[in-house]
Amino acid sequence: MVIAIDGPAGAGKSTIARSLARRLGFTYIDTGAMYRAVALWALRADIDVEDPLRLEQLARQAEIEFAAGESTVRLNGEDVTAAIREPRVTQAASKVAAMPGVRRAMRVEQRRIGAEQSVVMEGRDIGTVVFPDARVKIFLDADPQVRAGRRAAETGGVVDEVARELAERDTRDRTRAEAPLTQASDAEYIDTTGLTPEQVEEAILKIVRERTSNGKGTH
Ligand code: DC
């Protein structure tokens, strides 16, 4: 079973997806971390993050692993959990993620992971492109200023700067030609602006129960 959670940065996807996965005994997959890992490798290897062919090659060769039950991300055997959160990687990831070849390579991997186990998978295109038949699809959103505030609290950044950077990234993610960030027509929209993580989790659990009970599955 796949629970697809999409939405813009700072909407609460990671917090919610991680705790939901723990609660349900599913594997948590952060697909943004995969794009970040490819971007990190490109930066380190001094490859132009706007070079589609080299990047596709890199994306195909990248061995990205998630340690089960943890939030650890490995790239070619190295723990890159902290490195992929650096601001320069964040910016590069958004460019790398716009490339069709890179997305193709990541999609193959994401589908393989989802076919092997029950997952809560979060990203931008999980319900629309990666698993269009997912039984449960959630689109999380929040007020842009609140999203920036959450990101700033996480990274220790200045809210106004983070807000600017977030808006730039959102625009790129929403307007790219390949798998842009958009809500699937059969996804449930949840605005997390005034909600606690517990309230969001409860709302999603209710949707999971509704969509998986007899006759109600949308598949
Ligand atoms: O969720 P995040 O900030 O870690 O994602 C990093 C970048 O990757 C972000 O710019 C959006 C992009 N991304 C994507 O295009 N598709 C996904 N499924 C997940 C992330």
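Residues numbered from 1 in each chain as written. Predicted model: local features only at pLDDT ≥ 70, side-chain atom pairs only at ≥ 80, totals over all residues. Heavy atoms only, no water.

### Quick notes on the sheet that holds strand S6 (residues 119–123)
- Taken in spatial order, the five strands of this open sheet run S2-S6-S1-S7-S8, and their pairing is parallel. Unpaired on one side and paired on the other, strand S2 (27–30) and strand S8 (188–191) mark the two borders of the sheet. Shown here is a sheet whose adjacent strand axes are inclined to one another by a mean of 20 degrees, direction ignored.
- Relative to strand S7 (residues 136–141), helix H9 (residues 197–212) is tilted by about 155 degrees, and along the sheet it contacts strand S1 (2–6), S7 and S8. (Pairing = 2+ DSSP bridges. Helix = DSSP H or I, 4+ residues; strand = E, 2+ residues; numbered from the N terminus. Axes fitted to C-alpha atoms, helices over the stretch in contact; angles between N-to-C directions. Contact = heavy atoms within 4.5 Å.)

### Topic: the site of the ligand
- If you check the shell around the ligand, you find 15 residues, and the closest are Arg36, Arg103, Arg124, Asp125 and Arg176.
- Within the side chain of aspartate 125, one N or O atom sits 2.9 Å away from a nitrogen atom of the ligand.
- Taking arginine 169, its side chain carries an N or O atom lying 3.1 Å from an oxygen atom of the ligand.
- In the complex, the protein chains occlude 98% of the 450 Å² of accessible area that the ligand would expose alone.
- When contributions to the shell around the ligand are tallied by element, the ones reaching two or more residues are helix H2 (31–44) and helix H8 (159–175).
- The dominant element in the shell around the ligand, judged by the number of residues it contributes, is H2, at four residues.
- Of the residues that constitute the shell around the ligand, the class distribution is three nonpolar, four polar and eight charged. (Near = heavy atom within 4 Å. Polar contact = N/O pair within 3.5 Å; in protein donor to acceptor, adjacent residues only side chain to side chain. Areas by Shrake-Rupley, 256 points an atom, 1.4 Å probe, with all protein chains shown as cover. Nonpolar A, V, L, I, M, F, W, Y, C, P; charged D, E, K, R; others polar.)

### Section: the pattern of salt bridges
- What the rule picks out here adds up to 20 salt bridges.
- Note that arginine 104 and glutamate 56 form a salt bridge whose closest N and O atoms lie 3.4 Å from each other. With arginine 104 in helix H5 (residues 100–116) and glutamate 56 in helix H3 (residues 52–61), the pair connects residues that are 48 residues apart, well separated along the chain.
- With a shortest N-O distance of 3.1 Å, arginine 151 and glutamate 154 are connected by a salt bridge. With a gap of three residues between them, arginine 151 and glutamate 154 both fall in helix H7 (residues 144–155), about one helical turn apart. (Salt bridge = Lys/Arg side-chain N within 4 Å of Asp/Glu carboxyl O.)

### A look at the pairing of S1
- Taken across its five residues, S1 has five buried, putting it largely inside the fold.
- Judged by which residues are buried, S1 turns out to be covered on both faces: Val2, Ala4 and Asp6 on one side and Ile3 and Ile5 on the other are all buried.
- Relative to S6, S1 runs parallel, the two sharing five bridges. When the bridges of S6 are listed, alanine 4 appears paired with methionine 121.
- Taken together, the four bridges between S1 and S7 define a ladder with parallel strand orientation. Paired with aspartate 6 across the two strands is phenylalanine 139, which belongs to S7. (Buried < 20%, exposed > 50% of the residue type's maximum accessible area, 1.4 Å probe, protein only.)

### Comments concerning the sheet that holds strand S5 (residues 78–79)
- Taken together, three strands build an open sheet; the order of strands is S3-S4-S5 and the sheet is antiparallel. Edge positions in the sheet fall to strand S3 (64–66) and S5, since each has one partner strand and no second.
- Across the sheet, H2 touches S3, strand S4 (73–75) and S5, and the angle it forms with S3 is around 140 degrees.

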